[in-house]
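# Structural description and commentary
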Amino acid sequence: MANLIIIFILSLIMLVMAITAIYHKKLQVAVIASGIISLFASVIYIFLQAPDVAITEASIGSALTVIIFFYVLNKIRQNNVTK
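What you see is a predicted model; the values in this text were computed from it and never measured.

## Some thoughts on helix H1 (residues 2–23)
Compared with the 32 Å implied by 1.5 Å per residue over 22 residues, the 32 Å span of H1 between its first and last C-alpha is a close match. The set of residues buried in H1 consists of Ile-7, Leu-10, Met-14 and Met-17. Take H1 and look down its axis: the buried residues cluster within an arc of 85°, on one side only. Those residues of H1 that are exposed and aimed more than 90 degrees away from the buried face are Leu-4, Phe-8, Leu-15 and Tyr-23. Summarising the contacts, the buried residues of H1 are in contact with helix H2 (27–47).

Structure (structure tokens):
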């Protein structure tokens, strides 16, 4: 029963972060919100007893994707400054 409550709370937070990622004006906030969604999804996978999926989601979804997005945003900003 406690697991269901935790999963429900994490799902609500994921929904709020998804809405934040869609409607926020700053791209950095949207990228961080999408990373939080992936992080909480990996926690939910742990509660659902799927540790291999949780590790994959945490490493690729939370970490690698966010790093790539910030790298690309930085490159775009540098190209706009030099022009």
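## Structural notes on the nonpolar core
Counting 5 residues, the largest nonpolar core consists of Ile-7, Leu-10, Met-14, Ala-41 and Ile-44. Only H1 and H2 provide two or more residues apiece to this core. Counting residues per element, this core draws most heavily on H1, which supplies 3 residues. If sequence neighbours within four positions are ignored, Leu-10 has contacts with Phe-40, Val-43, Ile-44 and Phe-47.

## Concerning unusual backbone geometry
You will see that Gln-49, though not glycine, has its phi angle at about 60°, which is positive. Positionally, Gln-49 belongs in the loop between H2 and helix H3 (51–82).

## With respect to the environment of Ile-44
Of note, Ile-44 is situated in helix H2. Placed 41 residues apart in sequence, Ile-44 and Asn-3 show a C-alpha to C-alpha distance of 9.3 Å. Those residues in contact with Ile-44 that sit more than four places away from it in its chain are Ile-7, Leu-10, Ser-11 and Met-14.

Calculation notes
Each chain carries its own residue numbering, running from 1 in the direction its sequence is written. Given that the model is predicted, a residue must reach a pLDDT of at least 70 before its local features are reported, and side-chain atom pairs must reach 80 or more before they are shown or counted; all residues, however, enter totals for whole chains, interfaces and linings. Values reported for side chains reflect all heavy atoms of the structure, with hydrogen atoms and water molecules removed beforehand. Helix and strand definitions follow DSSP, with helices as H or I runs of at least four residues and strands as E runs of at least two, each counted in order from the N terminus. To estimate how far a helix should reach, multiply one less than its number of residues by 1.5 Å. The buried label goes to any residue with under 20% of its type's maximum accessible area, the exposed label to any with over 50%, and the partly exposed label to all in between, with areas taken from a 1.4 Å probe on protein chains only. Note: the arc covers the axis-to-C-beta directions of the helix. In this analysis, two residues are considered to be in contact whenever any of their non-hydrogen atoms come within 4.5 Å of each other. Throughout, nonpolar core names a set of buried Ala, Val, Leu, Ile, Met, Phe, Trp, Tyr and Cys residues whose side chains join them through atoms within 4.5 Å.

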